[in-house]
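The primary structure of each chain is shown beneath.
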Amino acid sequence: MRKFFLISSAAVSLFAVGCTSPESVCKSGIDLACERAFECMSNEMKATEQFKAAYGANAEECKTKQYGTAKCEARKEYDEACTDGKKYDLGKASDCSDAKAAQTCTDYLDATKIPAACKEICA
């Protein structure tokens with residue numbers, strides 16, 4: 001399950017629309033990941049201690065936890081979301097977020113069905 005969050009948050013933590021700050025891009029991606037986790041995960045999964053430890057008891061608690069973990073408030077540059085000197089692409093991030101939001105829960109939870117744009121955010 002932790003792997004699910006890492007995959008989904010890596011893919012969507014880079015969401016962006018218009019002229020936004022790196023902090024708001026970070027938070028927007030986490031917002032989507034938390035909302036989708038609580039929407040798509042089974043009630044049985046959400047009731048586990050492992051899920052609660054990683055995500056909290058609801059989407060709002062998840063957001064608060066994950067903002068801190070991702071250090072969204074400290075983000076000053078978009079490229080901080082990338083590794084190995086890669087450049088961050090706001091357009092691909094927005095396309096990724098839109099595609100993730102449009103996915104069925106089955107597809108969203110399937111790590112093999114990550115939208116193509118999500119794999120192209122850092123280039």
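Before reading on, note that the structure itself is shown above.
Attention in this report is confined to the structure presented alongside it. Starting from 1, residues in each chain are numbered consecutively following that chain's sequence as written. Restriction of local features to residues with pLDDT of at least 70 applies here, the model being predicted, together with a cutoff of 80 or more for giving and counting side-chain atom pairs; totals for whole chains, interfaces and linings are based on all residues. Side-chain figures throughout are based on the complete set of non-hydrogen atoms in the structure, without hydrogens or water.

Attention now goes to the environment of Lys 27. Residue position: Lys 27 is located in helix H2 (residues 22–40). For each residue, the accessible area found with a 1.4 Å probe, counting protein chains only, is set against the maximum for its type, and the residue is called buried under 20%, exposed over 50%, and partly exposed in between. Lys 27 sits in the partly exposed class, given a relative accessible area of 22%. Put simply, Lys 27 and Glu 73 are 46 residues apart on the chain and 8.8 Å apart in space, counted from C-alpha to C-alpha. We call two residues in contact whenever any of their non-hydrogen atoms come within 4.5 Å of each other. Setting aside residues up to four positions removed in sequence, Lys 27 forms contacts with Tyr 67, Cys 72 and Glu 73. Think of it this way: any DSSP run of H or I at least four residues long counts as a helix, any run of E at least two long counts as a strand, and we number them from the N terminus.

Helix-helix packing: each pair is described by the crossing angle between the helix axes and the interaxial distance. Note on definitions: angles span 0 to 180 degrees between N-to-C directions of axes, and those axes are lines fitted to C-alpha atoms, for helices only across the stretch in contact. Between H2 and helix H5 (residues 59–70), the least distance of the axes is 9 Å, while the angle of their chain directions is 140 degrees. It follows that H2 is oblique to H5 by the angle criterion. Pair H2 / H5 crosses with right-handed handedness. Only Ala 59, Cys 62, Lys 63, Gln 66, Tyr 67 and Ala 70 of H5 make contact with H2, whose side of the interface consists of Cys 26, Lys 27, Ile 30, Asp 31, Cys 34, Glu 35 and Phe 38. Should an angle lie under 35 degrees it is considered roughly parallel, over 145 roughly antiparallel, and from 65 to 115 roughly perpendicular; all remaining angles are considered oblique. A clockwise turn of the near helix away from the far one marks a right-handed crossing, whereas an anticlockwise turn of less than a right angle marks a left-handed crossing.

Any pair of Phe, Tyr and Trp rings, taking the six-membered ring for Trp, is counted once the centres come within 6.5 Å. Such a pair is stacked with planes under 30 degrees apart, edge-to-face with planes over 60 apart, and tilted for the rest. With the rule as written, the count across this model stands at three aromatic pairs. For the ring pair Phe 38 and Phe 51, a centre distance of 5.2 Å and an interplane angle of 80 degrees mean the geometry is edge-to-face. On the criterion of sequence distance, the pair formed by Phe 38 in helix H2 and Phe 51 in helix H4 (residues 49–55) is long-range, its members being 13 residues apart. Taking relative accessible area as the criterion, Phe 38 reaches 15% and is therefore assigned buried. Since its relative accessible area comes to 0%, Phe 51 is described here as buried. The ring of Tyr 67 carries Lys 27 above its face, with NZ or CZ at 5.1 Å from the centroid. Whether a charge sits over a ring comes down to the Lys NZ or Arg CZ being within 6 Å of the ring centre and within 35 degrees of the ring normal.

Once that is clear, we can look at the pattern of salt bridges. By salt bridge we mean one thing: a side-chain nitrogen of Lys or Arg within 4 Å of a carboxyl oxygen of Asp or Glu. Scanning all chains against the criterion turns up eight salt bridges. As a salt-bridge pair, Lys 27 and Glu 23 come within 3.0 Å of each other at their nearest N and O atoms. Here Lys 27 and its partner Glu 23 are both found in helix H2, four residues apart, which amounts to about one turn of the helix. For Glu 23, a relative accessible area of 26% puts it in the partly exposed group. Taking the shortest distance from any N to any O, the salt bridge between Lys 52 and Glu 49 comes out at 3.9 Å.

Another point: the state of the cysteines. Note: disulfide means a covalent bond formed between the sulfur atoms of two cysteine side chains. Put simply, a disulfide is two cysteine sulfurs that come within 2.5 Å. Tallying each qualifying case throughout the model produces five disulfides. A sulfur-sulfur distance of 2.1 Å marks the disulfide that ties Cys 34 to Cys 62. Across the S-S bond linking Cys 34 and Cys 62, the dihedral sits near -70 degrees, which makes this disulfide left-handed. Taken together, the positions of Cys 34 in helix H2 and Cys 62 in helix H5 put the pair 28 residues apart, joining distant regions of the chain. Like Cys 34, the residue Cys 62 is buried in the burial classification. Through a disulfide, Cys 82 is tied to Cys 122; the S-S separation comes to 2.0 Å.

By the secondary structure assignment, Cys 96 is in helix H6 (residues 90–102). Residue classification places Cys 96 among the buried residues on the basis of a relative accessible area of 0%. Sequence separation between Cys 96 and Ala 117 is 21 residues, and the spatial gap between their C-alpha atoms is 5.0 Å.

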